[in-house]
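Letter by letter, the chains look like this.
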Amino acid sequence: VSDRADFSNLITDVQELPAQLGKLSIKLPVGDYYWRAASWNQAEGYGPYSDVQSFRVEATSASEPEPQQDPEPAAESATGQAG
């Protein structure tokens with residue numbers, strides 16, 4: 001996983017994934033990211049990388065809380081005189 005399409009800045013590089021693993025969980029800040037995969041076997045080493053895929057992490061209430069708003073001011077009775 002990288003934050004650059006040319007993979008010049010790797011966020012994580014997972015060398016081995018168990019066959020039964022359906023997803024990889026890593027915490028990432030809001031932004032655009034890229035991933036690719038390659039197979040490996042002992043006889044041939046790494047195969048060619050897959051086409052680059054991308055995904056976006058967007059802000060959610062769980063990952064980035066909304067700024068707190070001031071509570072509504074209490075209703076006050078106002079008196080004034082027209083002048």
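As a convention, each chain's residues are numbered from 1 in the sequence order in which they are written. Residues qualify for local features only when their pLDDT is at least 70, as the model is predicted, and side-chain atom pairs are given and counted only at 80 or more; totals for whole chains, interfaces and linings, by contrast, use all residues. As a rule here, side-chain values come from all non-hydrogen atoms in the structure, and water together with hydrogens is ignored.

## Points about the overall build of the protein chain
Reasoning step 1: A count of helices and strands for the protein chain gives 0 helices and 4 strands.
Reasoning step 2: Only DSSP runs of H or I reaching four residues or more are called helices, and only runs of E reaching two or more are called strands; each is numbered from the N terminus. Secondary structure elements of the protein chain occur, N-terminal to C-terminal, as β-β-β-β.
Reasoning step 3: Here the contacts in the protein chain between residues at least 6 apart in sequence split such that 44% fall between residues at least 24 apart.
Reasoning step 4: Within the structure as shown, the protein chain displays about 7,800 Å² of accessible surface, and the carbon and sulfur contribution to it stands at 48%. By definition in these notes, contact holds between two residues if any of their heavy atoms fall within 4.5 Å. Accessible areas in this description were obtained via Shrake-Rupley with a 1.4 Å probe; residue shielding takes into account the shown protein chains only.

## Some details on the environment of Val-14
Reasoning step 1: Tracing the chain through its elements places Val-14 in the segment before β1 (31-35).
Reasoning step 2: Residue Val-14 is classed as partly exposed on the basis of its relative accessible area, which comes to 35%.
Reasoning step 3: Considered as a pair, Val-14 and Ala-37 are 23 residues apart in the sequence and their alpha carbons are 9.5 Å apart. Accessibility here uses a 1.4 Å probe with only protein chains present; expressed as a share of the type maximum, an area under 20% marks a residue as buried, one over 50% as exposed, and anything in between as partly exposed.

## Let's talk about the packing of aromatic side chains
Reasoning step 1: The aromatic pairing rule takes the rings of Phe, Tyr and Trp, using the six-membered ring of Trp, and pairs them if the centres are within 6.5 Å, calling planes under 30 degrees apart stacked, those over 60 edge-to-face and the rest tilted. Taken as a whole and judged by the stated rule, the model has 2 aromatic pairs.
Reasoning step 2: Seen from their ring centres, Tyr-33 and Phe-55 are 5.7 Å apart, and the 25° between their planes marks the pair as stacked. Pair noted here: Tyr-33 is in strand β1 and Phe-55 is in strand β4 (residues 53-57), with a separation of 22 residues, a long-range link.
Reasoning step 3: Residue Tyr-33 is classed as buried on the basis of its relative accessible area, which comes to 6%.
Reasoning step 4: Counting as a charge over the ring demands two things of the Lys NZ or Arg CZ atom: a distance within 6 Å of the ring centre and an angle within 35 degrees of the ring normal. The ring centre of Phe-7 lies 4.0 Å from the NZ or CZ of Arg-36, which sits over that ring.
Reasoning step 5: Positioned over the ring face of Tyr-49 is Arg-36, at 3.9 Å from the centre of the ring.

## Remarks on a nonpolar patch on the surface
Reasoning step 1: To count toward a patch, a residue needs a relative accessible area above 30% and no salt bridge. Like charges then connect within 9 Å, nonpolar side chains (Val, Leu, Ile, Met, Phe, Trp, Tyr) within 5 Å. Here a salt bridge means any side-chain nitrogen of Lys or Arg lying within 4 Å of a carboxyl oxygen belonging to Asp or Glu. The grouping of Ile-11, Val-14, Leu-17, Leu-24 and Ile-26 at the surface amounts to a nonpolar patch, some 400 Å² of accessible area in total.
Reasoning step 2: Following the sequence through the fold, Leu-24 ends up in the segment before β1.

## Re unusual backbone geometry
Where the residue is not glycine, phi is negative for most of them; where a peptide bond is considered, it is trans in most cases.
Reasoning step 1: Even without a glycine there, the phi angle at Phe-7 is positive, about 60°.
Reasoning step 2: As for its placement among the helices and strands, Phe-7 is situated in the segment before β1.
Reasoning step 3: Given a relative accessible area of 10%, Phe-7 falls into the buried group.

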